[in-house]
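In case you want the letters, here they are:
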Amino acid sequence: MRIECPLCGSRDRREFYYAGHASALERPDPAASAEIWDNYLHIRENLAGVTNDLWHHETGCGAWLVVTRDTVSHAVLLARLAKRDKK
Ligand SMILES: [Zn+2]
């Protein structure tokens, strides 16, 4: 599998570290309940189909990316730089 890093171009997936679903960028409010934090930290979906995941270009430029890919066909559909929305 190859990932198109916006800064480096097409690279082998072994240059990247998989860091889970991109929803991890949407952290709960610090005052949220223990149940909400427990779900955020420990509950993971294992979707079959198109998903958005966080990848770190660990042995490349060091950028964090949101990669849209199909978990069934392993096709990488899009890769963009990750950013957290300011609250
Ligand atoms: Zn890169």
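Residues numbered from 1 in each chain as written. Predicted model: local features only at pLDDT ≥ 70, side-chain atom pairs only at ≥ 80, totals over all residues. Heavy atoms only, no water.

Asker: Just to check I follow, could you spell out the overall build of the protein for this structure?
Answerer: On a plain count of helices and strands, the protein comes out with 1 helix and 6 strands. Tracing the protein from N to C terminus, the helices and strands come up as β-β-β-α-β-β-β. Projecting the C-alpha coordinates of the protein onto the three principal axes gives extents of approximately 40 × 30 × 20 Å. Looking at the protein as a whole, 28% of its 87 residues qualify as buried. Taking the contacts inside the protein whose residues are at least 6 apart along the sequence as the reference set, 46% of them involve residues at least 24 apart. Carbon and sulfur atoms form 52% of the exposed surface of the protein, whose accessible area is close to 6200 Å². Averaging the coordinates of the 12 positive side-chain charges in the protein and doing the same for the 12 negative ones gives two points 6 Å apart. (Helix = DSSP H or I, 4+ residues; strand = E, 2+ residues; numbered from the N terminus. Buried < 20%, exposed > 50% of the residue type's maximum accessible area, 1.4 Å probe, protein only. Contact = heavy atoms within 4.5 Å. Areas by Shrake-Rupley, 256 points an atom, 1.4 Å probe, with all protein chains shown as cover. Lys, Arg positive; Asp, Glu negative; His and termini not counted. Charge placed at Lys NZ, Arg CZ, Asp CG, Glu CD.)

Asker: Can you help me understand the packing of aromatic side chains in this one?
Answerer: Throughout the structure, instances matching the rule amount to 2 aromatic pairs. Plain terms: the ring middles of W37 and Y40 are 5.5 Å apart, the flat faces sit at 85° to each other, and that makes the pair edge-to-face. Taken together, the residues W37 and Y40, both in helix 1 (residues 34-42) and 3 residues apart, mark about one turn of the helix. For the pair W37 and Y40, one class covers both residues: buried. (Phe/Tyr/Trp six-rings, centres within 6.5 Å; stacked < 30°, edge-to-face > 60°.)

Asker: Please explain the coordination of the zinc ion as it appears in this structure.
Answerer: Reference geometry at the metal: tetrahedral coordination by four donors gives ideal angles of 109.5 degrees; octahedral coordination by six donors gives 90 or 180 degrees. Coordination of the zinc ion by the protein involves C5 (SG), C8 (SG), H57 (ND1) and C61 (SG), with metal-donor separations of 2.1 to 2.4 Å. For the zinc ion, the 4 donor atoms in the first shell make angles of 102 to 115° at the metal, a pattern classed as tetrahedral. Look at C5 and you get buried, because its relative accessible area is 2%. (Donors = N, O, S within 2.8 Å, 3.2 Å for Na, K, Ca; no water. Tetrahedral: all angles 85-135°; square planar, octahedral: opposite > 155°, others 65-115°.)

Asker: I would appreciate a short explanation of the nonpolar core in the present structure.
Answerer: Generally speaking, nonpolar side chains in soluble globular proteins are found buried as a group. Within the largest apolar cluster, 8 residues are counted, these being I3, C5, F16, W55, A63, L65, V67 and A79. Elements with a contribution of two residues or more to this core: strand 1 (2-5) and strand 5 (64-70). Discounting residues that sit within four places of it in the chain, A79 has contacts with I3, E4, P6, V66 and V67. (Core = buried A, V, L, I, M, F, W, Y, C linked by side-chain atoms within 4.5 Å.)

Asker: Looking at this model, I keep getting lost on the pairing of strand 4 (residues 50-56). Mind explaining?
Answerer: Along any regular strand the residues' side chains alternate between the sheet's two faces. Burial of strand 4 is extensive: 5 of the 7 residues sit out of reach of the surface. Both strand 3 (residues 17-21) and strand 4 contribute to a ladder of 3 bridges, which runs antiparallel. Residue Y17 lies in a different strand from strand 4, and its bridge partner there is H56. Pairing of strand 4 with strand 5, which is carried by 7 bridges, proceeds in the antiparallel orientation. Bridging from a neighbouring strand, L54 pairs with V66 of strand 5. (Pairing = 2+ DSSP bridges.)

Purely geometric numbers; function is a separate question.
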